[in-house]
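Read off the chains here:
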Amino acid sequence: MQTILSIAADALAYGMVLFIISIGLSVTMGLMKVVNLAHGAFAMIGGYIASYATQQMGLPFGVAILAAVLGTMLIAVPLERFLYRRIYGAPELTQVLMTIGITFAIIGIANFVMGPTLKTIALPAQLQGPVDLGFRTIAAHKLFAVAVGIIVAGALWFIIERTPFGVRLRASVDDAAMAGALGVKTKIVYAVSFALAVGLAALGGVVGAQLLPIEPYYALHYMVTFLVVVSVGGAGSIAGALVAALLLGAVQTTGRYLMPEYGEFFFYLAVIAIVCVFPNGLMGRSK
């Protein structure tokens, strides 16, 4: 029983971290129609900023999170303006080549500036110990990741489905020319959407640093994982990304606990099975 509870707790935390990071990629792929393979690199940047803020500058963890999110968004704004804007609506191969090039460039810069070693983020005392839930204890930082994931899911759903900005974004995706003719500033909408997606990646990179360690090749190590979550859930679907992240997190965590010698075999087996049955993802739109 304790083993089952341990697997469930770890799977929930891991799944939520995957969701926080991957949902930004789901926004860019599903709503903005951009295959951004550099998404994991922005999560890595957020982790590096938070690590420097807590370890070198001694800033509180909450301030480090804010600095990581805002700092990563500031870095992304000129990239969106001068690079990403050129590939909106371009063939997918063009988008892949551009964004994979950005990924390797960021990896090289990170390796040169921050060094090749793992970077840690200093957690406050409240997130370092276990939390007693009555039926078992769970690491506080994992419980924090779950809470952040729930907040992100609710807030993003509200922004996209219940705000004027969400209406403009969906209108720009459905017919950018018509939206522009009706007065929607599509370039600004896309820039804000991209910044939001990048900010979520940075947030996930910080919150999940204990589970997905920050190092220069972070973007390559987890690139496929983030893409898989979006593909299984259905690009552009918040609920789909959440279900996919939790499901795949459960599969991978269970496999690591019970049959670690098989590595990630069951993870990718589950991915193949789901995509065969749901080619558009669990909650994706039919093309």
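Owing to the predicted nature of the structure, the values given are computational and were not obtained by experimental measurement.

Student: Hey, could you run me through the pattern of salt bridges in this one?
Tutor: On inspection of all chains with the given rule, the structure shows 3 salt bridges. Put simply, Glu 80 and Arg 85 hold a salt bridge, and the shortest N to O gap is 3.1 Å. Two residues, Arg 256 and Glu 264, come together in a salt bridge whose shortest N-O distance is 3.9 Å. Arg 256 sits in the partly exposed class, given a relative accessible area of 44%.

Student: Can you walk me through helix 2 (residues 39–55) in this structure?
Tutor: The terminal C-alpha atoms of helix 2 lie 25 Å apart, and with 17 residues this matches the ideal 24 Å at 1.5 Å per residue to within 8%. Across the 17 residues of helix 2, 14 count as buried, placing the element largely inside the fold.

Student: For this particular structure, what's the right way to read unusual backbone geometry?
Tutor: If a residue is not glycine, its phi is most likely negative; likewise, a peptide bond is most likely trans. Despite not being glycine, Lys 33 has its phi angle at roughly 60°, a positive value. Summarising the element assignment, Lys 33 is placed in the loop between helix 1 (2–31) and helix 2.

Student: Explain the packing of aromatic side chains to me, please; I cannot follow it from the model alone.
Tutor: We describe a pair of aromatic rings using the distance from one ring centre to the other and the angle between the two ring planes. Considering all chains together, one arrives at 8 aromatic pairs under this definition. Centroid distance Tyr 84 to Phe 194: 4.5 Å. Interplanar angle 45°. Geometry classified as tilted. Here Tyr 84, found in the loop between helix 3 (61–82) and helix 4 (92–114), pairs with Phe 194, found in helix 8 (residues 186–207); they are 110 residues apart in sequence, far enough to count as distant. Accessibility classification places Tyr 84 together with Phe 194 in one group, the buried group.

Each value, and the rule that gives it
Residues numbered from 1 in each chain as written. Predicted model: local features only at pLDDT ≥ 70, side-chain atom pairs only at ≥ 80, totals over all residues. Heavy atoms only, no water. Salt bridge = Lys/Arg side-chain N within 4 Å of Asp/Glu carboxyl O. Buried < 20%, exposed > 50% of the residue type's maximum accessible area, 1.4 Å probe, protein only. Helix = DSSP H or I, 4+ residues; strand = E, 2+ residues; numbered from the N terminus. Expected span 1.5 Å × (residues − 1). Phe/Tyr/Trp six-rings, centres within 6.5 Å; stacked < 30°, edge-to-face > 60°.

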